[in-house]
Amino acid sequence: MSLLMTDANGVGGLAIARSLGKQGIEVTASSAKKDAICFHSKYVRNKLIYPDIYLGPSAKKNFLNWLLEELSTKNYGVFFPIDEPILLAVAENIEKISRYTHLVMPELDALQTAVDKSKLTKFAIKHNLSVPKTYFYEELIDFSDYDFSQIFEEIGSPLIIKPYTGAGAKGQVLVYAGENIREIFTANVANHGPCMIQEFIRGTIYNAAFIFNSESKLRSTYIGKTVRQFPVSGGVSVCVETVVDNGVLEPCVKLLRKLGYKGVCMVDVIRDRVDGKVKILELNPRFYASVCLPIAAKVDFPYLLYRLSIDGDIERNLSYEPGVRCRHLYGDFKHMLTILKQGQAENYSFSRGQTIVNFLKFHRDNGYYDWSLDDPKPFLSLPINLVKKRVQKR
């Protein structure tokens, strides 16, 4: 049994390697970065460097040539593509790639909708799912004539500017009434491409994850409630806890069924504290940072997707343990430092003192994105790599 996985530089990939390595599966981790965190894990048997798909117009072709050569000359039972540009490249060449290995992933149309926040938002609106109030780039394209001040009047302050594409909180900017929104929006478009403007919703954020089989039938799920995130006012969940909430589950399942989704994914939603509605924020059509959470909650997503890929299907089982909590220690530490520095943040109500107390509640943790007593080297490599990068910049 063997696996080739990409994006070995992420903590989600680390959880995958640990999960499958413990099952006796030979894990080959690959990355464009030589110092990828997974390369330090004892559960990774082989380490590969691939051409960086982000570099230049020929980058995708170079990556695909590398991938097809690797798959055609080695016997990988399963392939997990993780990074979104790689997922798109694989989906465009799925017939060639599936000759050499097994994988279950969304089809190209569903994938293109998922990775573009504007397409996903419009898709959700079309199917009567709640979303934040949104102004799209196409509505604002003539920046010189548009009266941006009316957006504050319509959706309130602050509002959030989001690039159409990109993972995590990259390029997202909070803008408050009184700031020059035209100038900020124009600069963001110049740096990150087309953007949309949305209302900033205060409420509870949930991350609902799913596995669908190749016939778009639901096979496994769990819901995580975001306890803390970084950046503090909107970003990646760095402390998350499993909960049971059908009000969150139902709109997410509806969205994915309408898409005809296949494979693994996570839907980010927020329950608006004003109107109580659950609103779709984004869809990550891949494994994500908090993969350790379902593993700790007795629903091993990496192994389930591996078995689905090899066997063609798995039994439907929607049960998991509620109240399980996992943290990204480095991310949660940065969250704490931010609160200690600025004292407060949007959608976060704890004081500096309570934030310190919350960070120190290690007894509440059931697992970590990065740290493992059984496999400590990946965690210990992070500060070493950070020091190396700072030295190189000098």
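Here the structure is a predicted model, which means the values were calculated and not measured.

## Brief notes about the overall build of the chain
Thought 1: A count of helices and strands for the chain gives 15 helices and 15 strands.
Thought 2: Here the chain has a C-alpha radius of gyration of 21 Å; the compact-globule value for 394 residues is 21 Å, and the two agree.
Thought 3: With the C-alpha coordinates of the chain rotated into their principal frame, the extents come out at 60 × 50 × 45 Å.
Thought 4: Out of the 394 residues in the chain, the part that is buried amounts to 55%.
Thought 5: Once local pairs closer than 6 in sequence are excluded, the contacts in the chain between residues at least 24 apart make up 65%.
Thought 6: Carbon together with sulfur atoms contributes 51% to the accessible area of the chain, which is approximately 18,000 Å² in total.
Thought 7: Of note, the chain has its 50 positive side-chain charges centred 5 Å away from the centre of its 42 negative side-chain charges.

## A word on the packing of aromatic side chains
Thought 1: A complete count under the given rule lists 14 aromatic pairs for this structure.
Thought 2: Taking the centre distance of 6.2 Å and the plane angle of 40° together, the rings of phenylalanine 210 and phenylalanine 212 count as tilted. One exposure class covers both phenylalanine 210 and phenylalanine 212, and it is buried.
Thought 3: Seen in terms of ring centroids, tyrosine 222 and tyrosine 320 are 6.4 Å apart; in terms of plane orientation they differ by 75°. Their pairing is edge-to-face. With tyrosine 222 in strand β10 (residues 218-230) and tyrosine 320 in the loop between α12 (301-311) and β14 (325-327), this pair connects stretches of sequence that are 98 residues apart. Grouping residues by exposure puts tyrosine 222 and tyrosine 320 together as buried.
Thought 4: Sitting above the plane of the phenylalanine 136 ring, lysine 122 keeps its charged end 4.7 Å from the centroid.
Thought 5: One Lys or Arg, arginine 327, reaches over the ring of phenylalanine 359 and ends 5.1 Å from the middle of that ring.

## Here we look at the pairing of strand β2 (residues 26-31)
Thought 1: Of all 6 residues in β2, 5 are buried, a share of seventy percent or more.
Thought 2: The sheet contact formed by strand β1 (residues 2-5) and β2 spans 4 bridges and is parallel. Paired with serine 2 across the two strands is glutamate 26, which belongs to β2.
Thought 3: Crossover β1 to β2 through helix α1 (residues 11-22) is right-handed.
Thought 4: Bridge analysis of β2 against strand β3 (residues 46-49) gives 4 bridges, and the strand direction is parallel. Directly across from threonine 28, in β3, lies its bridge partner asparagine 46.

## Notes on the nonpolar core
A general feature of soluble globular proteins is that nonpolar side chains tend to end up buried together.
Thought 1: Within the largest apolar cluster, 71 residues are counted, with the highest numbers of intra-cluster contacts made by Leu3, Met5, Phe80 and Phe210.
Thought 2: Sort the elements by how many residues they give to this core and helix α10 (residues 246-259) lands first, with 7 residues.
Thought 3: Setting aside chain neighbours within four positions, we find leucine 3 in contact with Ile16, Leu20, Ile25, Glu26, Val27, Thr28, Tyr76, Val78, Phe79, Phe80 and Tyr306.
Thought 4: Membership of the second largest hydrophobic core comes to 21 residues, among which are Leu4, Tyr76, Ile86 and Leu103.

## Thoughts on the sheet that holds strand β4 (residues 78-80)
Thought 1: Judged by pairing direction, the sheet is parallel, and its 4 strands sit side by side in the order β3-β2-β1-β4 without closing on themselves. Strands at the two margins of the open sheet, each flanked by one partner only, are β3 and β4. Averaged over all pairs of adjacent strands, the angle between their axes in this sheet comes to 20°, without regard to strand direction.
Thought 2: Here α12 sits on the sheet in contact with β1 and β4, set at roughly 130° to β4.

## Quick notes on the packing of helix α5 (residues 108-115) against helix α6 (residues 117-126)
Thought 1: Closest axis-to-axis distance for the α5/α6 pair is 5 Å, and the angle between their directions is 105°. As summarised for this structure, α5 and α6 are arranged roughly perpendicular, according to the angle between their axes. Taken together, the residues of α6 that come into contact with α5 (itself represented by Gln112, Thr113 and Val115) are Lys117, Lys119, Leu120 and Phe123.

## Quick look at the environment of leucine 259
Thought 1: When you line up the elements, leucine 259 lands in helix α10.
Thought 2: A residue is classified by how much of its surface remains accessible, and leucine 259, at 13% relative accessible area, is buried.
Thought 3: Along the primary structure leucine 259 and leucine 111 are separated by 148 residues, whereas in three dimensions their C-alpha atoms are 9.1 Å apart.
Thought 4: Not counting residues up to four positions away in its chain, the partners in contact with leucine 259 are Ala110, Thr113, Phe123 and Leu283.

Procedures and definitions
Residues numbered from 1 in each chain as written. Predicted model: local features only at pLDDT ≥ 70, side-chain atom pairs only at ≥ 80, totals over all residues. Heavy atoms only, no water. Helix = DSSP H or I, 4+ residues; strand = E, 2+ residues; numbered from the N terminus. Rg over C-alpha atoms; globule rule 2.2 N^0.38 Å. Buried < 20%, exposed > 50% of the residue type's maximum accessible area, 1.4 Å probe, protein only. Contact = heavy atoms within 4.5 Å. Areas by Shrake-Rupley, 256 points an atom, 1.4 Å probe, with all protein chains shown as cover. Lys, Arg positive; Asp, Glu negative; His and termini not counted. Charge placed at Lys NZ, Arg CZ, Asp CG, Glu CD. Phe/Tyr/Trp six-rings, centres within 6.5 Å; stacked < 30°, edge-to-face > 60°. Lys NZ or Arg CZ within 6 Å of the ring centre and 35° of its normal. Pairing = 2+ DSSP bridges. Right-handed = clockwise from strand over helix to strand, strands pointing away. Core = buried A, V, L, I, M, F, W, Y, C linked by side-chain atoms within 4.5 Å. Axes fitted to C-alpha atoms, helices over the stretch in contact; angles between N-to-C directions. Parallel < 35°, antiparallel > 145°, perpendicular 65-115°, else oblique.

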